[in-house]
Every structure is written in structure tokens, then in C-alpha cells.
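# Analysis of the macromolecular model
Each chain is listed here by its residues.
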Amino acid sequence: MMNWIAGIGRSTLSQLSDLGRATLILTQAIFGRSNVGVHWRLTIDQIHVVGVLSLSIIIVSGLFIGMVLGLQGYTILTDYGSEQALGQMVALSLTRELGPVVTALLFAGRAGSALTAEIGLMKATEQLASLEMIGVDPLRRVVAPRFWAGVISLPILSLIFVSVGCLGGALVGVSWLGVDSGSFWSNMQASVDFSDDVFNGIIKSLVFAVVVTWIAVYQGYDLVPTSEGIARATTKTVVYASLAVLGLDFFLTAVMFGEI
Amino acid sequence: MYSRRLELSVGAFVLLGALCLAFLALEVSGLAQTGDTGSYRLSARFDNVAGLTTRAKVSAAGVTVGRVVGIRYDETTAGAIVDMDISQDFAQFSEDTSASILTAGLLGEKYIGLMTGGDPSNLKDGDVIYDTQSAIVLEELIGKFLLNMSSDK
């Protein structure tokens, strides 16, 4: 019994100190004094790795999710004789929910795990320690560019995902199933509001970007430097990031759209 | 050379993002259509606006000429006042224009239809239309129908 209570205490303390270390790493990486010119170049390098190379998976999944939405929405909406509302359904579900959330989940799997593994291997092979030895702060040299690259890339990827998804929905709905193209787009335009739907979606994906990259970077920087440690940290990144995205999404939706 | 290719790809990536934002703004949310091409405000008084929402279409002869921007309760006449922004391109509504609340399809959204009259002078910014036809509330319709059935016997 006593051991059980002590176990709860120990795990709470270790969770708290994890959170503290993660916050410390993030603040040092963001607010630390840095050489802007060099670090800007490093950030661009990382945007290439994290953002540009994720494009293919984002575009393909966006297209297919849009097409599936079109197909499913059509079969349900025809039951009520209102298949012209298909555009509205596809666009609203993509801009409000699916776009930011699915992009963040894919991003956690595609880029987040890679970030963790990369930083983790740097730590395991003592590259981070050597950087420190020659007087370069690894937080600013290694962690900060990766963090900023993630924060910049994810909202852009999310925008691309939503656009491709809408086009995919239009492809299935208008070209294959024969919904009138005019009513498809005009219903969409009448119901989607730029500031309420599109902009709130961007804010959502910005929040997800910060959380996912933060988790990825922290897990990489803080792991046990063994091959097993890297494997566990990579798994943790994907699991924690996905859970955080889904949980935060409910919270953000409640705040943004709850009062409608 | 490698670095230049990399910069190009990142630049293209960011441009693609901007392009998608423009697509979402213009094509998906129709931001340009609700833009400030110049509009004037008309109001209409209805007995009942059940189901009408802000941002609903205002159409004349099936052509969208404006949008509903506000719905409020009018205590003096115990009705609803609907504010509409009508595009400046359609300034030719006569003073005896009538407004009615219509439904797109059987279950579709409600919109306002304007029917222009024969009066030579036109409605101006801030005018109120009193010649209106309210929304059809299905329950009331069924209630009336049932009442007629029982009185016929």
C-alpha cells in the first residue's frame, strides 16, 4: 500500500520534472541569443527536410480524404435530396477539423519521429556533447532551427491539405457523381466563412505545430542515449503528439465553435 | 548548387502555401464576393423569420443581389426586422418592392426573394420594406390544414 502511494508520488514528480525540462529546453531554444544569419539558413534547411519532403504524403492523403468525403457525403445527402450541399459538407469538415488534425497526425508520424530519431542519434553519438565542447549551444544550433521549421511548415502543409481535399471532393462530387458544379461551389462559398472557418483552422494547425514539434524535439533531446532509448523516444513522440493533437483539438473546437 | 536547389524548393513550398491560402479565401470561402464592391442597406419587416440566418442570400428573380447581415426583433411592431446589404450594381428596386422568405428546395436553406414593383422611384439606403411575406412554418401549415379538415365536416 505504502509502496503504491510512493509509486504515484514518484511518477508524478518525474512527469512534472519532464514538463519542466521540456519548457526549459523550449524557452532556451527560442529566446536564446542567436546568430540570426546562420540560424536562418539552418531553418531553411530544416523546412526542406520537414516541410517540402512531407508534401507528397500530405497531397496524396488530402486528395483521398477529400474524395472519400465526397463519396460518403453524396450517398447520405441523396437520401435527403440535398446533394447540392455536398460542397458545404466537404469544405466545412476539411477546414474546421480534418485539415488541421489529419495533417498534424501525419506530420507527427512523418516528420516528428524523424526529428526525434535524428536529434537522439546526435546525442547517442555524442555530437551534441562535442558541439558544447567547442562552445556552440546545441539548443540553438540543433533544436531551434528544427522547432521553427516545424512551426512554419505545418500550417502551410495544412493549407495545402485542405485545398487538395476540396479539389478531391469536387472531383468525385462534380465530375463523377454529377452534382451541379455551380451549386457545389456556391453552397461552399455561402457557408464557409474566411475568418470563422479558414482562419480558425490555421490557428488550430499553428497550435498543433508548436505542440508536435515541441514534443518531437524534447523527446529527442532528452532520451536515454542507447539504441533502445532512441526506439522508445521515437514511439513516444508519435503517441504523445497524436494524443496531444486529438485532445487539444476538442478543446480548441469547444472554444472556437462551441457557442454556435 | 545543392544549396540553391534547396532554397528553390523551400521557396516553391512557401509559395504553394500562399497559393492555397488564396484558393481557400477566394474559391472556398468566397471572400471576394462579399468584398466591398459597394453596397447599400435595406431593411424589411417580417411577421416571422423562422429559419432565416445571417449571411443568407438575397435574390431577385433567382440572381443573388445581396446578403442578410442582421436580424433583430422590433418591439413596436412585434415583428422581425431583417437588414440586408444589397450590392450597388442592383440599385433599381422600386419603392413598392415586396420581399418574401423562400426555401431552396424542400429542406434547403432559407433566403429572401425580392420582387420589384412598378413604382418609378427607387428604394434608397436605409429604406424599410413593409410589403413582405413571412417564412412558411410547417407546423402552422399543418395546424391550419387540420383545422380546415375538422371545420369542413
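Rules and cut-offs
Residues numbered from 1 in each chain as written. Chains lettered and ligands numbered in written order. Predicted model: local features only at pLDDT ≥ 70, side-chain atom pairs only at ≥ 80, totals over all residues. Helix = DSSP H or I, 4+ residues; strand = E, 2+ residues; numbered from the N terminus. Rg over C-alpha atoms; globule rule 2.2 N^0.38 Å. Buried ≥ 20, exposed ≤ 12 C-beta atoms within 10 Å, placed from the backbone. Contact = placed C-beta atoms within 7 Å. Pairing = 2+ DSSP bridges. Nonpolar A, V, L, I, M, F, W, Y, C, P; charged D, E, K, R; others polar. Expected span 1.5 Å × (residues − 1). Domains from an automatic or database assignment. Bend = angle between axes of the 7 residues up to and from the residue.

### Overview of the overall build of chain B
- On a plain count of helices and strands, chain B comes out with 2 helices and 8 strands.
- On C-alpha atoms alone, chain B measures out to a radius of gyration of 23 Å, which is more than a quarter above the 15 Å that the 2.2 N^0.38 rule sets for 153 residues.
- A principal-axis box enclosing the C-alpha atoms of chain B has dimensions of 90 × 40 × 30 Å.
- Relative to its full complement of 153 residues, chain B shows a buried share of 24%.
- Sequence-distant contacts, at least 24 apart, represent 63% of the contacts inside chain B between residues at least 6 apart.

### A closer look at the pairing of strand β3 (residues 63–74) of chain B
All names here are of chain B.
- Strand direction decides the pairing type here: strand β2 (residues 57–60) and β3, joined by 4 bridges, are antiparallel. Counterpart to S59 in the pairing with β3 is T64.
- The antiparallel hairpin formed by β2 and β3 contains 2 residues in its connecting segment, where A61 sits at a positive phi of about 55 degrees.
- In this structure, β3 lies alongside strand β4 (residues 79–87), joined through 8 bridges in antiparallel fashion. Looking at β4, one finds that R67 is bridged to D85.
- Linkage of β3 to β4, two consecutive antiparallel strands, is achieved through a turn of 4 residues, within which A78 is found at a positive phi near 55 degrees.

### Re the interface of chain A and chain B
- Contacts between the two partners involve 26 residues from chain A and, on the opposite side, 24 residues from chain B.
- Those elements that place two or more of their residues in the side of chain A that touches chain B are α2 (36–50), α6 (138–176), α7 (181–191) and α8 (194–221) of chain A.
- The element that contributes the greatest number of residues to the side of chain A that touches chain B is α6(A), accounting for 6 residues.
- Looking at side-chain class alone, the side of chain A that touches chain B contains 17 nonpolar, 6 polar and 3 charged residues.

### Looking at the pairing of strand β5 (residues 98–103) of chain B
Residues and elements named next belong to chain B.
- Where β5 lies against strand β6 (residues 110–115), 6 bridges are found, and the strand directions are antiparallel. Within β6, the residue paired with L102 across the bridge is Y111.
- Pairing of β5 with strand β8 (residues 132–133), which is carried by 2 bridges, proceeds in the parallel orientation. Within β8, the position partnered with A99 by the bridge is T132.

### Considerations on helix α3 (residues 55–79) of chain A
All names here are of chain A.
- Over its 25 residues, α3 runs 36 Å from end to end, which matches the ideal 36 Å to within 8%, given 1.5 Å per residue.
- Within the sequence span of α3, burial applies to I58, G62, I65, G66, M67, L69, G70, G73 and Y74.
- Buried residues in α3 make contact with α4 (86–124) and α6.

### Quick look at the domain arrangement of chain B
- You can read the domains of chain B as domain 1 (1–32) and domain 2 (39–142).
- Here domain 1 of chain B and domain 2 of chain B have C-alpha centroids that lie 40 Å from each other.

### Points about α8(A)
Residue and element names in this part refer to chain A.
- Here α8 contains 28 residues, and its C-alpha end-to-end distance of 39 Å stays within 8% of the 40 Å for a straight helix at 1.5 Å per residue.
- At N200, α8 is deflected by roughly 25 degrees, the largest bend along its length.
- With 21 of 28 residues buried, α8 is to be regarded as a mostly interior element.

### Some points on the sheet that holds β4(B)
All names here are of chain B.
- Spatial strand order, β7-β1-β4-β3-β2-β6-β5-β8: 8 strands in an open sheet with mixed pairing. On the outer flanks of this sheet lie β7 (128–129) and β8, each paired with one strand and no other.
- Sheet analysis places strand β1 (residues 39–46) next to β4, joined by 8 bridges and oriented antiparallel. Pairing of R41 across the sheet is with D85, part of β4.

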